[in-house]
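Inside the fold
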Amino acid sequence: MINAMKYNIAIDMRYVENKNSGLSRFSINIFQNLLNLTINDEINYIILLPPKNIFKDSETFFNFPSSKIRKIYSKRKRGLKWKFPFFLIDLSLYKKLKNANIDFFISPYIDPPFLPGIKVISTIHDLIFIRVKNYFNYFRFIKRILSELRILLTILFSYNLLTVSNTSKEILIKRYKFIPFFNQKLKNITVIYNGVTKFESKNKNYDYKSIISKKDYFLYVGDRRNHKNLFYTIELIKKYNEFYNNDYELIIAGSNNYKNKKLTNYIFSHPFVKEIINPNDELLDYLYRGCKSLILLSFDEGFGIPVIEAASRSKKIILSNISVFREIAPPNTLMLDLKRNNDHLELVHEYLNKKLKFDSQTILKKWTWRKSALKLKKLLLNQLVK
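Okay, so let's go over this structure.

Rules behind the numbers
- Residues numbered from 1 in each chain as written.
- Predicted model: local features only at pLDDT ≥ 70, side-chain atom pairs only at ≥ 80, totals over all residues.
- Heavy atoms only, no water.
- Helix = DSSP H or I, 4+ residues; strand = E, 2+ residues; numbered from the N terminus.
- Rg over C-alpha atoms; globule rule 2.2 N^0.38 Å.
- Buried < 20%, exposed > 50% of the residue type's maximum accessible area, 1.4 Å probe, protein only.
- Areas by Shrake-Rupley, 256 points an atom, 1.4 Å probe, with all protein chains shown as cover.
- Lys, Arg positive; Asp, Glu negative; His and termini not counted.
- Charge placed at Lys NZ, Arg CZ, Asp CG, Glu CD.
- Pairing = 2+ DSSP bridges.
- Axes fitted to C-alpha atoms, helices over the stretch in contact; angles between N-to-C directions.
- Parallel < 35°, antiparallel > 145°, perpendicular 65-115°, else oblique.
- Left-handed = near helix turned anticlockwise from the far one by under 90°.
- Contact = heavy atoms within 4.5 Å.
- Nonpolar A, V, L, I, M, F, W, Y, C, P; charged D, E, K, R; others polar.
- Phe/Tyr/Trp six-rings, centres within 6.5 Å; stacked < 30°, edge-to-face > 60°.
- Lys NZ or Arg CZ within 6 Å of the ring centre and 35° of its normal.
- Expected span 1.5 Å × (residues − 1).
- Salt bridge = Lys/Arg side-chain N within 4 Å of Asp/Glu carboxyl O.

A count of helices and strands for the protein gives 14 helices and 13 strands. In terms of overall dimensions, the protein is globule-like: its C-alpha atoms have a radius of gyration of 22 Å, near the 21 Å expected for 386 residues. Along the longest, intermediate and shortest principal axes, the C-alpha atoms of the protein span 70 × 50 × 35 Å. Within the protein, the fraction of its 386 residues that count as buried is 53%. Carbon and sulfur atoms make up 52% of the accessible area of the protein, which totals about 19500 Å². Taken as two groups, the 65 positive and 33 negative side-chain charges of the protein have centres that lie 5 Å from each other.

Right, here's the structure in full:
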């Protein structure tokens, strides 16, 4: 426990409009565990939430004493203003936080508001939107300039920084270490990994057969952004089926909020590709357990939650050979070099037909939200008692 002095911390969860997104899972699990770990400390919390009509938080913070937590709901959805770094001054919010004597403001994302006199902790998950040239479909140059500005302002306004992998931390240091007053802040980044949520409850009345066919399938979990490399993923499985006379399906499970007409048309033109939009935890668990292999051939990632989720269910995993996947991938993962694709069909075929053993218990022990929340708690308590 920290000393008897009362501290006040604000947690920004206004981004959590879709509970099934990767950012939402990270935010909900990290902060739920943080609150539980600090229940006996002299800390009061203010939680900033999306509008009540789109976010039901009753289950998210159900076991935390109401006397130590205050919730503030947004009046409207994020909208376009959250897409640009020019709406960082929110005088109404700033006044509320100053009146509440907030010591720290924690954001699970970039673009924290400008809060003079309040120490801000921000999370930079990745720099994909800057590093991957075709990340944006339109106005790429302008959007990349704005994205760079968003990162620079986040580093500038933040007292401490978090990343979700050592890879992201190293990329940030390499890119911005030449800015003198950023150097020490970047070196002091705390890495807060994602974790695995062990799914246990089952709904006996859930009709999986109406959603999933009886065919064997590869599983992709994620959204439709360009860095996910879905065009090549579909092409690879198509060629694999043709060359080895197989009939595998590809199930794409996740959000379709990112609009990409070319990709949508490409998906619809291939009958073996099935889409499941925003699966809940139960359906996603079923998809993981039934797949032949998870496949994730991204050009770049900040972490890759599906990798450890599939590993916790002892599934085969096919990944692109990028730095962050080398950091988190379990043993017996197939890593494909995207710069050399002439041998991918053979490698996938050999991998699928190989008998392998997987240690799911080690995965569940290694990647826990509690461990990550403990690191965040340690950072907070060290800063609060300074």
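Okay, the sheet that holds strand S12 (residues 317–320) next. Strands sit in the order S10-S9-S8-S11-S12-S13 across an open sheet of 6 strands; the sheet is parallel. Of all the strands in the sheet, just strand S10 (273–277) and strand S13 (334–336) have a single pairing partner and so form its edges. Across the sheet, the mean angle separating the axes of adjacent strands is 25° when strand polarity is ignored. Where strand S8 (residues 217–221) lies against strand S9 (residues 249–254), 5 bridges are found, and the strand directions are parallel.

Right, let's talk about the packing of helix H7 (residues 230–243) against helix H8 (residues 261–268) for a bit. Contact pair H7 / H8: the axes reach a minimum separation of 10 Å and the direction vectors enclose 15°. Regarding the angle of H7 to H8, the classification is roughly parallel. For the crossing formed where H7 meets H8, the hand is left-handed. In contact with Leu-230, Phe-231, Ile-234 and Glu-235 of H7, H8 contributes Lys-262, Leu-263, Tyr-266 and Ile-267. For the contact of H7 with H8, a count of residues per class yields 6 nonpolar, no polar and 2 charged.

Looking at where His-270 falls in the secondary structure, it is placed in the loop between H8 and S10. Ignoring anything within four residues of it in the chain, the contact list for His-270 reads Ile-234 and Lys-238.

It is worth spelling out the sheet that holds strand S5 (residues 119–123) at this point. Reading across from one edge, S3-S2-S1-S4-S5-S6-S7 is the order of the 7 strands in this open sheet, with parallel pairing throughout. Strands with a single pairing partner mark the edges of an open sheet, and in this sheet they are strand S3 (69–73) and strand S7 (190–191).

In the structure shown here, the tally under the stated rule is 16 aromatic pairs. Centroid distance Phe-129 to Tyr-135: 6.3 Å. Interplanar angle 80°. Geometry classified as edge-to-face. A ring pair is formed by Phe-303 and Trp-367, whose centres lie 5.6 Å apart and whose planes are at 80°; its orientation type is edge-to-face. Of this pair, Phe-303 sits in the loop between strand S11 (293–296) and helix H10 (305–311) while Trp-367 sits in the loop between helix H13 (360–366) and helix H14 (369–384), and the two are 64 residues apart along the sequence. Among the aromatic residues, ring-to-ring pairing joins Phe-218, Tyr-240, Phe-243, Tyr-244 and Tyr-248 into one connected group. Geometry around Tyr-351 places Lys-316 over its ring, the cationic atom sitting 5.6 Å from the centre.

Counted residue by residue, strand S1 (residues 7–12) has 6 buried out of 6 residues, so it is predominantly covered. Side chains Tyr-7, Ile-9 and Ile-11 of S1 all project onto a buried face; the interleaved residues Asn-8, Ala-10 and Asp-12 project onto the opposite face, where all are buried too. Where S1 meets strand S2 (residues 43–49), 6 bridges bridge the pair, whose relative direction is parallel. Looking at S2, one finds that Asp-12 is bridged to Leu-48. In the sheet, S1 pairs with strand S4 (residues 104–106) via 3 bridges, with the strands oriented parallel. Bridged to Ala-10 within S4 is Phe-105.

In this model, H14 (16 residues) spans 22 Å end to end at C-alpha, consistent with the 22 Å of a helix rising 1.5 Å per residue. Trp-369, Ser-372, Ala-373, Leu-376, Lys-377, Leu-379, Leu-380, Leu-381, Gln-383 and Leu-384 are the residues of H14 that are buried.

Now for the pattern of salt bridges. Enumeration according to the criterion identifies 15 salt bridges in this entry. Asp-111 is the salt-bridge partner of Arg-150, the closest N and O atoms lying 2.6 Å from each other. Of this pair, Arg-150 sits in helix H4 (residues 140–157) while Asp-111 is found in the loop between S4 and S5, placing the two residues 39 residues apart along the sequence. Between Glu-350 and Lys-354 there is a salt bridge; the shortest N-O distance is 3.9 Å. Owing to a relative accessible area of 38%, Lys-354 belongs among the partly exposed residues under this scheme.

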